[in-house]
Protein chains: 2
Amino acid sequence: MFRLIHIAIDEARRGMQNNHGGPFGAVIVKDGEIIATAHNEVLSSKDPTAHAEILAIRRASQELKQFDLSDCEIYTTSQPCPMCLAAICWAGIKRIHYGTTTEEVASIGFNDSNIYRILKGEQPSEIEFMTIEREACQELLKEWENKPDKQMY
Amino acid sequence: MFRLIHIAIDEARRGMQNNHGGPFGAVIVKDGEIIATAHNEVLSSKDPTAHAEILAIRRASQELKQFDLSDCEIYTTSQPCPMCLAAICWAGIKRIHYGTTTEEVASIGFNDSNIYRILKGEQPSEIEFMTIEREACQELLKEWENKPDKQMY
């Protein structure tokens, strides 16, 4: 649906022009109806997680009053970064329409190849991982398992 | 710092007991001082991105009024999922202290192995990726490149 990606493009442009963040926009749609739109707000909100797709998912879940967006599709001006792609997975969204590729986005300075390297566990990583209080944390998982009224999701 | 992981554990337990979400908590620290705490709120907020680490990052960035948390460390009761790990990367956090592993978390039903598979581009994927309006989206990236007052981040 060309109309929908152009709404994402307009969002991206507005956000960029207002210095809210990078040139990225997203739209979430259900049965052809727009549920949420967003643009990158990392700079204006000072929140490193405020990517267009994350904000669109948060708004769509608030609009639909459910965390399961498996009947939705996302239109995003660029291929999602690993954070946003994983968020799309957790939301259950099954179809991603995107314009520019990871490589094209990297060429203007938004490079997530390092994050992919860290996600793959490749060394050397800039991030230090250290375990702590393993037993006390394992106890939490057991409490969840034994919780009679737990809601799986 | 055992005190800090136990604050994350207490957060996780409180969230679980109040049915806010799974048994996960996180604390963000700067120079030994607690900047933000959070527990998983996927169920209560109906937001699929409301993992403990994401909420802690959002709160810490609001508290410090900056998206760069590179002078912070995170204590989290479980190894971060790919969404949260990528968010930690974007935030610039360099040290992760965690209790239970990805495998232990998967054993109580929170399995992110499928997400890792999708992030690696392994087939078959449940998610359909489709390109659309590539040129119009490439134009956005060019506009960003040519924007005289852009702030890189």
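Thresholds applied
Residues numbered from 1 in each chain as written. Chains lettered and ligands numbered in written order. Predicted model: local features only at pLDDT ≥ 70, side-chain atom pairs only at ≥ 80, totals over all residues. Pairing = 2+ DSSP bridges. Helix = DSSP H or I, 4+ residues; strand = E, 2+ residues; numbered from the N terminus. Axes fitted to C-alpha atoms, helices over the stretch in contact; angles between N-to-C directions. Contact = placed C-beta atoms within 7 Å. Nonpolar A, V, L, I, M, F, W, Y, C, P; charged D, E, K, R; others polar.

K.L.:
So what about the sheet that holds strand β2 (residues 33–39) of chain A? Which residues, and what values?
P.N.:
Sheet strands pair by backbone hydrogen bonding; their relative direction is either parallel or antiparallel. One open sheet accounts for five strands, arranged β2(A)-β1(A)-β3(A)-β4(A)-β5(B); its pairing is mixed. What marks the edges here is a single partner per strand, and that holds for β2 of chain A together with β5 (128–131) of chain B. Geometrically, the sheet is characterised by an average inter-axis angle of 20° between neighbouring strands, direction not taken into account. One ladder, built from four bridges, connects strand β4 (residues 95–100) of chain A with β5 of chain B; its direction is parallel. Bridge pairing in β5 of chain B links Tyr 98 of chain A to Thr 131 of chain B. Lying over the sheet, helix α3 (residues 52–64) of chain A contacts β1 (25–30), β2 and β3 (72–78) of chain A, oriented at roughly 140° with respect to β2 of chain A.

K.L.:
Now, about the sheet that holds strand β1 (residues 25–30) of chain B: what can you tell me, with residues and values included?
P.N.:
Pairing is mixed across the open sheet formed by five strands, whose spatial order is β5(A)-β4(B)-β3(B)-β1(B)-β2(B). Pairing within the sheet leaves two strands with one partner each, and these edge strands are β5 (128–131) of chain A together with β2 (33–39) of chain B. Between one strand and the next, the sheet's axes are offset by a mean angle of 20°, whatever the strand orientation. Alignment of strand β3 (residues 72–78) of chain B against strand β4 (residues 95–100) of chain B, held across four bridges, turns out to be parallel. By the bridge assignment, Tyr 75 of chain B is partnered in β4 of chain B with His 97 of chain B. Sheet contacts for helix α7 (residues 134–145) of chain A: β5 of chain A together with β3 and β4 of chain B; angle to β4 of chain B, the most-contacted strand, approximately 55°.

K.L.:
Mind laying out the interface of chain B and chain A, listing which residues take part and the relevant values?
P.N.:
On the chain A side, the residues contacting the 69 residues of chain B number 69 residues. Grouping the constituent residues of the side of chain B that touches chain A by class yields 40 nonpolar, 14 polar and 15 charged.

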